[in-house]
Amino acid sequence: MLIHSASQLLTLAGGPQRGDELGRLGIIPNGAVLIRNGIIEAVGKSDELRAAYPDEPDFDALDRVVMPGFVDPHTHVIWAGDRAAEFEMKLEGKTYLEILAAGGGILSTVRATRSASLNSLLDQTRLRLWTMFEHGTTTAEAKTGYGLKTAVELRLLQGLLALDREGPIELAFTFLGAHAVAPEYKDRPDEYTDLICETMLPMLKEWWPNHAPQHPLPFVDVFCENGAFNLEQSRRILTTAKQLGFPLKIHADEFGNLGGVALAVELGAVSADHLVLTSDEEIQLLGQSDTVAVALPCTPFGLGERDYTPAKKILKAGGILAIATDLNPGTAWCGNMQFAIALACRYMGLTPAQAIAAATINAAAAIQRADRIGSIEVGKQGDLIILDVEDYRHLGYRFGVNLVKAVVKKGRLYPV
Ligand code: NIG
Ligand code: FE
């Protein structure tokens, strides 16, 4: 298929964008892209490609923006139930960590998820994945973390693997058994940490190749936070995971700064996420590392907070910045990357071009897939979106409506 007559074809060519390089869109005016068997075979000017491939089935983009599909590198998409009542409690003055300490928050979603049937859990999750896809996300990372028991955490991974097979959205997998201390281990976080290190991770290492032979090992993530896992426990979990060969991620500096960023950089984590309260020294460390800084602007927005990730400082330090939605039932029930971009422009000070690069090629780097997705380049997967706008800056500028007109996943067109 030849997609042509794009007002602006944003290629994002040239790999992940570090520091003030961020925002290099690689725009081809009146651009075109040829996709065959799901893979991009040619990229260029419309007149040239139409002349070179006269017999190719074509799709007229009608002078609209064509760009890579969004990559959402941080979601908690698989859960059951909702926390609407807690949203109201928060508005009446309770904090997120107070609700968690009282057995609500993540633990209330754990109860709902454990007691849901697999079918109901998959139905609820599938709907959210379709909404993400319709809003332009062609690949998303998805974390477990609402099971907190070996068998349930593995069931969540099994569910995610099934949803990935169904498509059309593709998933990258993360084991987040360390999302909260399981209720069975209340006030015994060290013992739950032992369970993760001594049972869950070794078991996962054996389980994975038998259930997902076509996928590399999943990421292992930890919620390093007051009321969840302290720095010492986070270090044990991530070190054990690293020794077993898992790639690493961390939730750091969302509500408190426990030193998670320095740990992530020391262990060579693929990404460190949230980073609202990260210190200047830690930002320097990040800037000198290959650990991707993943900002989640829907989270402070969802909580009605004022502080966002200091993106400009991270860029000044030379960091690789990505953005994600953090889709989850507690802090940010939003799987729309267009909205994350709109927030990043306003509260993190990014330009639309910077936010777009953070949501595509750099987001792909945050899940170790920048070699396959995140840009429109020959040899990459044919994952792209057609927006109902002529100029890319409408992304970020406009919000609250879906600007995606059509999604192309592995070369197949889905009108929205
Ligand atoms: O990224 N921080 C931990 N996890 C989510 C919240 C999950 C929940 O509240 O259910 C987050 O904000
Ligand atoms: Fe999260």
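Worth saying up front: this structure is predicted, and the values here are computed from it rather than measured. (Residues numbered from 1 in each chain as written. Chains lettered and ligands numbered in written order. Predicted model: local features only at pLDDT ≥ 70, side-chain atom pairs only at ≥ 80, totals over all residues. Heavy atoms only, no water.)

1. Considering the overall build of the protein
Applicable threshold: Helix and strand labels come from DSSP, where a helix needs a run of H or I of at least four residues and a strand needs a run of E of at least two; each type is numbered from the N terminus. Both definitions apply: the radius of gyration is a C-alpha atom measure, and the globule rule equals 2.2 Å times residues to the power 0.38. In this scheme, a residue with accessible area under 20% of its type's maximum is buried, one over 50% is exposed, and one in between is partly exposed, where area comes from a 1.4 Å probe on protein chains only. We call two residues contacting when some pair of their heavy atoms lies within 4.5 Å.
Tallying secondary structure elements over the protein gives 16 helices and 15 strands in all. Here the C-alpha radius of gyration of the protein, 21 Å, is about what a compact globule of 416 residues would show, namely 22 Å. Viewed in the frame of its principal axes, the protein has a C-alpha envelope of about 70 × 45 × 40 Å. Every one of the 416 residues in the protein was classed for burial, and the buried ones make up 62%. Taking the intrachain contacts of the protein between residues at least 6 apart in sequence as the baseline, contacts between residues at least 24 apart amount to 71%.

2. Some points on empty space enclosed by the protein
Stated precisely, the cut-off is as follows: In this analysis the probe radius is 1.4 Å and the grid spacing 1 Å, with only protein atoms considered; a cavity is a set of points the probe fits into but cannot get out of, a pocket is an open set with protein on both sides within 12 Å along at least five of seven lines, and lining residues have an atom within 4 Å of a point. Grid points are joined across faces, edges and corners, and a volume is the space filled by probe spheres set on the points. Just so you know the grouping, Ala, Val, Leu, Ile, Met, Phe, Trp, Tyr, Cys and Pro go in nonpolar, Asp, Glu, Lys and Arg go in charged, and all remaining residues, Gly too, go in polar.
Tallying each qualifying case throughout the model produces four cavities of 30 Å³ or more. Volume-wise, the largest cavity comes out at about 90 Å³. Together, 14 residues line the largest cavity, and His-76, Tyr-96, His-179, Asn-328 and Thr-331 are the ones closest to its centre. Of the residues belonging to the lining of the largest cavity, the class tally is four nonpolar, seven polar and three charged. By volume, the second largest cavity amounts to about 60 Å³. Lining the second largest cavity are Arg-126, Leu-129, Trp-130, Phe-133, Leu-163, Glu-166, Gly-167, Pro-168 and Ile-169.

3. Focus: the domain arrangement of the protein
Put simply, the rule is: Boundary definitions for the domains trace back to an automatic or database domain assignment. Every case where a carboxyl oxygen of Asp or Glu lies within 4 Å of a side-chain nitrogen of Lys or Arg is listed as a salt bridge.
As assigned here, the protein comprises domain 1 (2–68 + 374–415) and domain 2 (70–365). Placing a centre on the C-alpha atoms of domain 1 and another on those of domain 2 gives a separation of 29 Å. Contacts between domain 1 and domain 2 engage 35 residues on the former and 36 residues on the latter. If you look at where domain 1 meets domain 2, you find two salt bridges. A salt bridge links Arg-18 to Asp-290, with the shortest nitrogen-to-oxygen separation between them at 2.7 Å. Those elements that place two or more of their residues in the side of domain 1 that touches domain 2 are strand E4 (58–68), helix H16 (394–397) and strand E14 (404–409). If you tally residues by element for the side of domain 1 that touches domain 2, the top one is E14, at four residues. Partitioning the side of domain 1 that touches domain 2 into residue classes produces 18 nonpolar, nine polar and eight charged.

4. Considerations on unusual backbone geometry
The linkage connecting Gly-167 with the following residue, Pro-168, adopts the cis geometry, with an omega of 0°. Tracing the backbone shows Pro-168 in the loop between helix H6 (150–166) and strand E7 (170–178). Although it is not a glycine, Asp-187 sits at a positive phi angle of roughly 65°. By the element assignment, Asp-187 lies in the loop between E7 and helix H7 (189–211).

5. Brief notes about the environment of Gly-147
In this structure, Gly-147 sits in the loop between strand E6 (137–143) and H6. Each C-alpha atom, one on Gly-147 and one on Gln-243, is 24 Å from the other, the two residues being 96 residues apart in sequence. Ignoring anything within four residues of it in the chain, the contact list for Gly-147 reads Val-110, Arg-114, Val-152, Glu-153 and Leu-156.

6. Side note on the coordination of the iron ion (ligand 2)
Operational definition: Water is not part of the atom set, so a site may look incomplete; the donors themselves are N, O and S atoms within 2.8 Å of the metal, or 3.2 Å for Na, K and Ca.
Only His-74 (NE2), His-76 (NE2), His-251 (NE2) and Asp-326 (OD) from the protein coordinate the iron ion (ligand 2), and they sit 2.1 to 2.4 Å from it. Between consecutive donors of the iron ion (ligand 2), the numbers of intervening residues give the motif H-x1-H-x174-H-x74-D. With a gap of 75 residues between them, His-251 in strand E9 (residues 249–252) and Asp-326 in the loop between strand E12 (321–323) and helix H13 (337–347) connect regions that are remote in the sequence. Residue class for His-251 comes out buried when judged on its relative accessible area of 3%.

7. So, the site of ligand 1
What counts, and what does not: Working definition: residue near molecule or strand if any one of its non-hydrogen atoms lies within 4 Å of it. We call two N or O atoms a polar contact when they sit within 3.5 Å, provided that within protein one can donate a hydrogen and the other can accept it, with sequence-adjacent residues counted only if both atoms are side-chain atoms. Per-residue and other accessible areas follow the Shrake-Rupley method at a 1.4 Å probe size, with only the shown protein chains counted as cover for residues. A molecule is said to be in a cavity or pocket once over half of its atoms fall within 2 Å of that pocket's grid points.
Around ligand 1 lies a shell of 16 residues, among which Arg-83, Tyr-96, Tyr-146, Glu-254 and Asp-326 are the nearest. Within the side chain of His-76, a nitrogen or oxygen atom sits 3.4 Å from an oxygen atom of ligand 1. For ligand 1, an oxygen atom lies 3.4 Å from a polar atom in the side chain of His-251. Relative to its free-state accessible area of 320 Å², ligand 1 is covered by the protein chains to the extent of 100%. When atoms are counted within 2 Å of each cavity's grid points, the one that captures over half of ligand 1 is the largest cavity. The residue makeup of the shell around ligand 1, split by class, is four nonpolar, nine polar and three charged.

8. A look at the packing of aromatic side chains
For clarity, the cut-off: Centres within 6.5 Å are what make two rings of Phe, Tyr or Trp a pair, Trp counting through its six-membered ring; a difference in plane orientation under 30 degrees is then read as stacked, over 60 as edge-to-face, and the rest as tilted. Note on geometry: a ring has a charge over it if NZ (lysine) or CZ (arginine) is within 6 Å of the ring centre and within 35 degrees of the ring normal.
A complete count under the given rule lists eleven aromatic pairs for this structure. Summarising the aromatic geometry, the rings of Trp-130 and Phe-133 are spaced 5.7 Å apart at their centres and angled 90° between planes, so their arrangement reads as edge-to-face. Pair noted here: Trp-130 and Phe-133 are both in helix H5 (residues 118–134), with a separation of three residues, about one helical turn. Taken together, the ring pairs connect Trp-130, Phe-133 and Tyr-414 into an aromatic cluster. Just above the ring of Phe-219 sits the side chain of Lys-249; from NZ or CZ to the centre is 4.8 Å. Of note, Arg-393 hangs over the ring of Tyr-392, and the distance from its end group to the ring centre comes to 5.9 Å.

9. Examining the state of the cysteines
Note the cut-off: Any two cysteine sulfur atoms lying within 2.5 Å of each other are counted as a disulfide.
Inspection of the entire model under this criterion finds zero disulfides. With no disulfide of its own, Cys-298 lies closest to Cys-334 among cysteine sulfurs, the gap being 4.1 Å. Judged by relative accessible area, which is 2%, Cys-298 ranks as buried. Note on Cys-345: no disulfide assigned, nearest cysteine sulfur contributed by Cys-298 at a separation of 12 Å. By relative accessible area, Cys-345 is classed as buried at 16%.

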